[in-house]
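# Coordinates in review
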Amino acid sequence: MAVLKPLGTGYPDAFVATVLERALALPGPCRVFGITGLQGTGKSTLSAQVAALAEARGLRAVVLSIDDLYLDQPERQRLAREVHPLLATRGAPGSHDLALGRATFDALRAGRARLPAFDKISDRRLSESDWARIDGVPDLVLFEGWFHKVPPQGEADLGAPINALERDEDADGTWRRWCNAALADYAPLWAELGALLFLQGPGFEQVPEWRWQQEVTLAAANPGRRTMRRDEIERFVMFFERVSRQALVTLPRIADWTVRVDARRHVIERVLGAES
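Residues numbered from 1 in each chain as written. Predicted model: local features only at pLDDT ≥ 70, side-chain atom pairs only at ≥ 80, totals over all residues. Heavy atoms only, no water.

Further remarks concern the pattern of salt bridges. Counted by the stated rule, this structure contains 25 salt bridges. The partner of Asp97 in a salt bridge is Arg125, with the nearest N and O atoms 3.4 Å apart. Residue Asp97 is found in the loop between helix 3 (73-82) and helix 4 (98-110), and its partner Arg125 is found in strand 5 (residues 124-125); the two are separated by 28 residues along the sequence. Asp97 gets classed as buried once you look at its relative accessible area, which sits at 17%. Here Glu234 and Arg230 are joined by a salt bridge, their closest N and O atoms 3.4 Å apart. Taken as a pair, Glu234 and Arg230 lie in helix 9 (residues 230-236) at a separation of four residues, close to a single helical turn. The exposure class of Glu234 is partly exposed, given its relative accessible area of 32%. A cluster of three or more residues bridged by salt bridges with shared partners is formed by Arg102, Asp106, Arg109 and Glu192. (Salt bridge = Lys/Arg side-chain N within 4 Å of Asp/Glu carboxyl O. Helix = DSSP H or I, 4+ residues; strand = E, 2+ residues; numbered from the N terminus. Buried < 20%, exposed > 50% of the residue type's maximum accessible area, 1.4 Å probe, protein only.)

Take a look at the structure:
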């Protein structure tokens, strides 16, 4: 997967070092530090930077993305037939293989793991033979994703559609209620986290532009392969809007550490969260 680097450079070295210090403050030997934030906030970039700094200090670090735990396309097609057509699209809660996630953490702690990998362009999980092999117990696992620990909404909040996708393709609310209920199923996966950092962007309105930047980066790294057009990205982010807005409301109270970033992904404020 291509890594989007904010402003072409990534997050400042001092901030990366602070994140690593907080992660290493967790009890070992296999510390699990979560990094979450809406699409495009630079989670993958920050995770890669922290892992690189850890490696430079002689530590073993692994980055695991929740995006690599997506259900494969045939499994999502089955959900689309049995529950709702929108479940064919990856991304929303309920489109991940939670058993695979738990098994991966177990394998990392046992010192003999393979990291799942998902190809977003083909929309398929890679063959296990192509997964990176991790021998030995890592000192640090950075688990990144866009909705870590986001709680379900109440029933009263689910009635009115939040965007055109829900209005036109989920008029009776079946899809959004199913995804909302699925959020509770992630609790055992979130329990793997020793601590959680929330990168809080300026608002969901920024997400379409950030997600488009990611797609441009992905296309540049994969010449000759078809990536999404701008109009497809505009529709795609609607799948994430409801839970993203729920994240913006709830995660500052839930995460152990909230860091506000502006539209250019500059760190503008660091706020202690649930641990303060």
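So, next bit.
What follows covers the pairing of strand 3 (residues 112-115). Residue alternation in strand 3 divides its side chains into a buried set, Ala113 and Leu115, and an unburied set, Arg112 and Arg114. Of the strand pairs in this sheet, strand 3 and strand 6 (residues 132-135) are connected by four bridges, and their pairing is antiparallel. By the bridge assignment, Arg114 is partnered in strand 6 with Arg133. (Pairing = 2+ DSSP bridges.)

Within strand 9 (residues 257-261), four of the five residues are buried, which leaves it mostly tucked inside the rest of the structure. Sheet topology places strand 8 (residues 195-200) next to strand 9; four bridges connect them, and they run parallel. Paired with Phe198 across the two strands is Thr258, which belongs to strand 9.

In this model, the protein chain carries an average pLDDT of 92, and 94% of its residues clear a pLDDT of 70 or more. Long-range and interchain partners of residues 1-8, a stretch whose pLDDT sits below 50, account for 23 contacts in this model, where long-range means more than four residues apart. (pLDDT = per-residue confidence, 0-100. Contact = heavy atoms within 4.5 Å.)

Turning our eyes to something else, we now look at the packing of aromatic side chains. Under the counting rule described, the total for this entry stands at 13 aromatic pairs. Their ring planes at 65° and their centres at 4.9 Å tell us that Trp146 and Phe240 sit as a pair that is edge-to-face. Taken together, the residues Trp146 in the loop between strand 7 (140-145) and helix 5 (164-169) and Phe240 in helix 10 (residues 238-254) connect sequence positions 94 residues apart. Accessibility expressed as a relative area gives 3% for Trp146, which makes it buried. The exposure class assigned to Phe240 is buried, which follows from its relative accessible area of 1%. Arranged with centres 5.6 Å apart and planes meeting at 85°, the rings of Trp175 and Phe239 form a pair that is edge-to-face. (Phe/Tyr/Trp six-rings, centres within 6.5 Å; stacked < 30°, edge-to-face > 60°.)

This brings us to empty space enclosed by the protein. The full count for this structure, using the stated rule, is one cavity of 30 Å³ or more. When its volume is computed, the largest cavity comes out at roughly 90 Å³. Considering the residues around the largest cavity, the lining is formed by 14 residues, among which Arg176, Cys179, Asn180, Arg242 and Val243 are closest to the centre. Listing elements by their share of the lining of the largest cavity, those giving two or more residues are helix 6 (174-182) and helix 10. If one sorts the elements of the lining of the largest cavity by residue count, helix 10 sits on top with five residues. When grouped by side-chain class, the residues that make up the lining of the largest cavity number eight nonpolar, three polar and three charged. (1 Å grid on protein atoms, 1.4 Å probe; cavity = no way out; pocket = protein on both sides within 12 Å on 5 of 7 lines; lining within 4 Å. Points joined across faces, edges and corners; volume = space filled by probe spheres on them. Nonpolar A, V, L, I, M, F, W, Y, C, P; charged D, E, K, R; others polar.)

The next subject is the nonpolar core. One finds Phe105, Leu108, Phe143, Phe147 and Trp175 to be the most contacted residues of the largest nonpolar core, which totals 49 residues. Looking at which element gives the most residues to this core, the answer is helix 10, with six residues. Residues contacting Phe147, with those up to four places away along its chain left out, are Thr36, Ile66, Pro93, His96, Leu183, Tyr186, Trp190 and Val243. Counting residues in hydrophobic clusters, the runner-up holds 23 residues, among them Val19, Val50, Ala51 and Val261. (Core = buried A, V, L, I, M, F, W, Y, C linked by side-chain atoms within 4.5 Å.)

Relative to the helices and strands, Asn180 is located in helix 6. A polar contact is formed between the side chain of Asn180 and the backbone nitrogen of Gln153, at a distance of 2.7 Å. (Polar contact = N/O pair within 3.5 Å; in protein donor to acceptor, adjacent residues only side chain to side chain.)

With 17 residues, helix 10 should reach 24 Å at 1.5 Å per residue; the first-to-last C-alpha distance of 24 Å fits that figure. If you look at helix 10, its biggest bend is around 40°, right at Leu248, and the proline Pro252 turns up within four residues after that. Every buried residue of helix 10 is listed here: Phe239, Phe240, Glu241, Arg242, Val243, Ser244, Gln246, Ala247, Leu248, Thr250 and Leu251. (Expected span 1.5 Å × (residues − 1). Bend = angle between axes of the 7 residues up to and from the residue.)

With an omega dihedral of 5°, the bond running from Gly28 to Pro29 counts as a cis peptide bond. Inspection of the secondary structure assignment puts Pro29 in the loop between helix 1 (13-24) and strand 1 (31-37). One non-glycine residue, Lys149, adopts positive backbone phi at about 65°. Under the relative-accessibility criterion, Lys149 is labelled partly exposed at 25%.

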